[in-house]
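Okay, here's what each chain looks like letter by letter:
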Amino acid sequence: MKYYRVTAYTPYCGEHMTDYIATDDEQELQEFKQNLIEDNAAEWEPGWADYAEEGYESEEEWQEDYYAGCGATVQEISEAEYLEETKPRWPFELVRKEG
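So, here is what we can say about the structure in this document. Model, not experiment: these values are computed from the prediction.

What counts as what
- Residues numbered from 1 in each chain as written.
- Predicted model: local features only at pLDDT ≥ 70, side-chain atom pairs only at ≥ 80, totals over all residues.
- Heavy atoms only, no water.
- Core = buried A, V, L, I, M, F, W, Y, C linked by side-chain atoms within 4.5 Å.
- Buried < 20%, exposed > 50% of the residue type's maximum accessible area, 1.4 Å probe, protein only.
- Helix = DSSP H or I, 4+ residues; strand = E, 2+ residues; numbered from the N terminus.
- Contact = heavy atoms within 4.5 Å.
- Pairing = 2+ DSSP bridges.
- Axes fitted to C-alpha atoms, helices over the stretch in contact; angles between N-to-C directions.

1. Focus on the nonpolar core
Link 1 in the chain: Counting 15 residues, the largest nonpolar core has V6 and I21 as its most contacted members.
Link 2 in the chain: Contributions of two or more residues to this core are made by β1 (2-9), α1 (26-44) and α2 (59-68).
Link 3 in the chain: Contacts of V6, omitting those with residues within four sequence positions, involve M17, T18, D19, I21, L29, F32, K33, L36, A72, T73 and V74.

Laid out in C-alpha cells, this is it:
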C-alpha cells in the first residue's frame, strides 16, 4: 500500500485544500486527485461578474484562466505520516483509548 498527500490549489494564494489517500491503484489516485481539484476550484470559485475589475474582457475568459490555473500536487508519504496526519483531532483526542 502507498500513502499520498494530495494538495489542490487555485491560481490565487492561499486557496488550497489537502486530503489523503492510501492506494496501490494509479487510476484511483488520479481520480481522487481530479475530484479534489474540482472540489477546491468550486470552493474558491470567484464571482465571475467582476471580470472587468480583474482585467478580463469577459466572464468566459476569466473562467478559462481560473480553471487553467487550478491543479494539484501529489506527494507520496510514509505510513506513519499518513496515520499522524489523518488521525482524528480534538475533541476526539479526549476519548480515552482502552487497551
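Here the narrative resumes, following the displayed structure.
2. Quick notes on the pairing of strand β2 (residues 16-23)
Link 1 in the chain: With eight bridges joining them, β1 and β2 adopt antiparallel strand pairing. Bridge pairing in β2 places V6 opposite D19.
Link 2 in the chain: Two successive antiparallel strands, β1 and β2, enclose a turn made up of six residues, where G14 displays a positive phi of approximately 85°.

3. Here we look at the sheet that holds strand β3 (residues 71-77)
Link 1 in the chain: Pairing within the open sheet is antiparallel, and its three strands lie in the order β2-β1-β3. At either end of the open sheet lies a strand with only one pairing partner, and these are β2 and β3. Averaged over all neighbouring strand pairs, the angle between strand axes comes to 20°, with direction disregarded.
Link 2 in the chain: Across the sheet, α1 touches β1, β2 and β3, and the angle it forms with β2 is around 160°.

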